[in-house]
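The residues making up each chain are set out below.
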Amino acid sequence: MELSEASVNAVKMSKERKKLIRKQMKACHILLKHDGIRTASHVTKSLVVANGGLGNGVSREQLCAAMKEMGELETIIMSPHKPYAFATYSSEQSAQKAHGLLNGHLLHCGDNSVTLYLSFVDSVPCEAEEHVPLPEGLSLVEDFVSSEVEALLLAAVDWVTFDDDTAQKALKHRRVKHYGYEFRYDTNNVEKDKALSVGLPDECVPILERCLKDGHIGAMPDQLTVNQYQPGQGIPPHVDTHSAFEDTILSLSLGSKTVMEFRHPDGRVVAVLLPGRSLLVMKGESRHLWSHGITPRKFDMVPACDPEPPAAITPHLGNPGNLTLSKRGTRTSFTFRRIRRSPCQCAFPSACDSQGAPSSLPSAPSLPRCQGDAARLEEEYVHRVYDAIAPHFSGTRHSPWPRVCDFLSSLVPGAVLADVGCGNGKYLGVNPEVVALGCDRSSALVHICAERGFQAFVSDALNVPMLTASCDACISIAVIHHFSTPERRLAAVRELMRLLKPGGRALIYVWALEQEYNKQRSKYLKHQSREPSGSPNTAEGQSEGSASPKRTVNSHGDVGITNVDRLDREVSGPVDQRPGEDQVHHGKLSVHTNRTAFNSQDLLVPWHLKDGKGKAGKGRKGGREAGNPVFHRYYHVFQQGEIEKVCCQVDGVRVQTSYHDQGNWCVILVKD
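Residues numbered from 1 in each chain as written. Predicted model: local features only at pLDDT ≥ 70, side-chain atom pairs only at ≥ 80, totals over all residues. Heavy atoms only, no water.

Draft legend 1. Highlighting the overall build of the protein. A tally of regular secondary structure across the protein gives 13 helices and 34 strands. The burial tally for the protein puts 54% of its 672 residues in the buried class. As displayed, the protein has an accessible area near 29000 Å², and 51% of this comes from carbon and sulfur atoms. (Helix = DSSP H or I, 4+ residues; strand = E, 2+ residues; numbered from the N terminus. Buried < 20%, exposed > 50% of the residue type's maximum accessible area, 1.4 Å probe, protein only. Areas by Shrake-Rupley, 256 points an atom, 1.4 Å probe, with all protein chains shown as cover.)

Draft legend 2. Expanded view of the sheet that holds strand β22 (residues 416-420). If you walk across this open sheet you meet the 7 strands as β24-β23-β22-β25-β26-β34-β33, and the pairing is mixed. With one partner strand each, in any of the chains shown, β24 (456-458) and β33 (653-660) form the two edges of the open sheet. Taking the axes of each pair of neighbouring strands and ignoring which way they run, one obtains an average angle of 15° across the sheet. Strand direction decides the pairing type here: strand β23 (residues 435-440) and β24, joined by 3 bridges, are parallel. When the sheet's bridge partners are listed, D440 is paired in β24 with V458. The sheet contacts of helix α8 (residues 402-409) involve β22, β25 (471-477), β26 (500-511), β33 and β34 (664-671), and relative to β26 the element is tilted by about 175°. Helix α9 (residues 443-451) contacts β23 and β24 of the sheet and is inclined by roughly 165° relative to β24. (Pairing = 2+ DSSP bridges. Axes fitted to C-alpha atoms, helices over the stretch in contact; angles between N-to-C directions. Contact = heavy atoms within 4.5 Å.)

Draft legend 3. A look at the nonpolar core. The biggest cluster of nonpolar side chains holds 34 residues, and the ones touching the most others in it are C474, I480, V493, M497, I508, I643 and L669. When contributions to this core are tallied by element, the ones reaching two or more residues are β22, β25, α10 (486-499), β26, α13 (642-648) and β34. With 7 residues, the top contributor of residues to this core is α10. Apart from the residues lying within four places of it in its own chain, the contact partners of I508 are S476, I480, V493, L496, I643, C647, W665, C666, V667 and L669. (Core = buried A, V, L, I, M, F, W, Y, C linked by side-chain atoms within 4.5 Å.)

Draft legend 4. Just unusual backbone geometry, in detail. Here D143, not a glycine, exhibits a phi torsion of approximately 50°, which is positive. Phi is positive for A478, which is not a glycine, with a value near 60°. Tracing the backbone shows A478 in the loop between β25 and α10. Residue A478 is classed as buried on the basis of its relative accessible area, which comes to 0%.

Draft legend 5. Looking closely at the packing of helix α7 (residues 371-395) against α9. Contact pair α7 / α9: the axes reach a minimum separation of 8 Å and the direction vectors enclose 35°. Of the residues in α9, those in contact with D387, A390, F393 and S394 of α7 are S443, A444, L445 and I448. When its residues are assigned to classes, the contact of α7 with α9 shows 5 nonpolar, 2 polar and 1 charged. (Nonpolar A, V, L, I, M, F, W, Y, C, P; charged D, E, K, R; others polar.)

This is the structure:
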């Protein structure tokens, strides 16, 4: 008996419908498991849209365009970094129409495409606007110059001609020109007796006279730095040297808008949207105490501005649910400063080099005592560092480790592999016969993965948005040693095991305290004889903790920590310090000297960002020496047997094998 064409189509439609329902149910399960979002089985006016969030690269405008076709929308809430959004319609009929027609809908977002899965919800989280005050002394004047003046200023900067008169530099993350005086990145200061032959451009004079008249400055600036940023470029967090410049600093933004982040030493962060043609004025505390920087990325999360009715974009990003994505374009900043001729006498001596504070060595952070401490430490000394150094880091990381390759090559064709903390994706292409997915906290590194043709997404390593028991294998190479408490390191292992199918295997690498093992020194120490102890970055082929450090993320409060009892904070109690060894005192993290043996388990390891070819020296995060900024990455180096003890705390897991590989402790786990 032959089936009619209609019957065949009905069978096909039934299969597609069942597949859609299965995927929708999986999405509901993930939302409940990871964010506690309960979906409803009955029709309501509100929907949760899985895969429709900012974290998936979907902008508010793109999502609204699809949702508005179904009926009148009341609200859309898109929270920062989340892979989902909430939509509320004015009627249940419109919501039901969206649920029926948009489930399984492929939404095109520029070069990115996502499949939407919608479910009803009884309530939508209240995203009350949080008023985040600007740092004291900081003000922003929007539309400070007209489009005509903007064009005039941009035309006044000659980027084609390289000359000593304007001390033009082609740095790794931006192009720079100096007028009046050159700011020296090797000394983090200016040579005040060596003025450049070219003063400030004449086109700037009317603008500065207006700033004088409006009271933004008390005297005419005599130094100008022009920075040009392409999409994906930024500038590391820094405080302009006190002894170099007077109090007030003016920054005029031309071209594309961007987000600048201000950070207080106590951990407070204020993200400030700088629209094109706006003037940023830094005085007092905001100029002398808060660091400011721009994270290198191609998209920013910014306040949404609906044209009907018109909404003012507040200078600080206060409402976490009223955000969208903004693609960066070319931005040029004019930073005006006045050379200081006498020592700085500001009210912030702890940050003032004129009053005894080192200009490039801020105080080391303390060991974390609670969840908040741990989150702030990892944000400052892991996440932001790797966002800042991503291009340089990726450029020096290209050779996969042999024993990691052996593990990957042992996987059967068609196996699903998750690389949690994939960095630039150097392990994703080792075995082309497996389905390899990578995730990393650094959006810049995930973008590099995409450019190399790999499948990767931005994700928290403690909360990976993949189904439970969905992977045949997982790898975590040089990731877990970036978590700053025992609880977070254990949670990272548990998350890997959650992803594995029964019988699946995981390979974990962490940096070892024992860099000399079985009478053999690791390559990290072997290079000591060829390079000074303060040499910049370790080369490929050394211990994984140094050769390929990966990024971790905070857990968004998922792991509760109280009175953390640390694992062997120091090797064997107090020790006498000798030259080249780490220094630990008063609960502060030690700053490690490259190419030397570890003297504590919790420490900061320098990364010297190469803007040029100058030889870099030591320095804490945000410092500079010999022309290169220095960042510091947090590590917990594992002693022998420690990673096995952590893994054995996870139920249903056994250690198949463990070994020491060039300065790393390594384990292969099997999920029972």
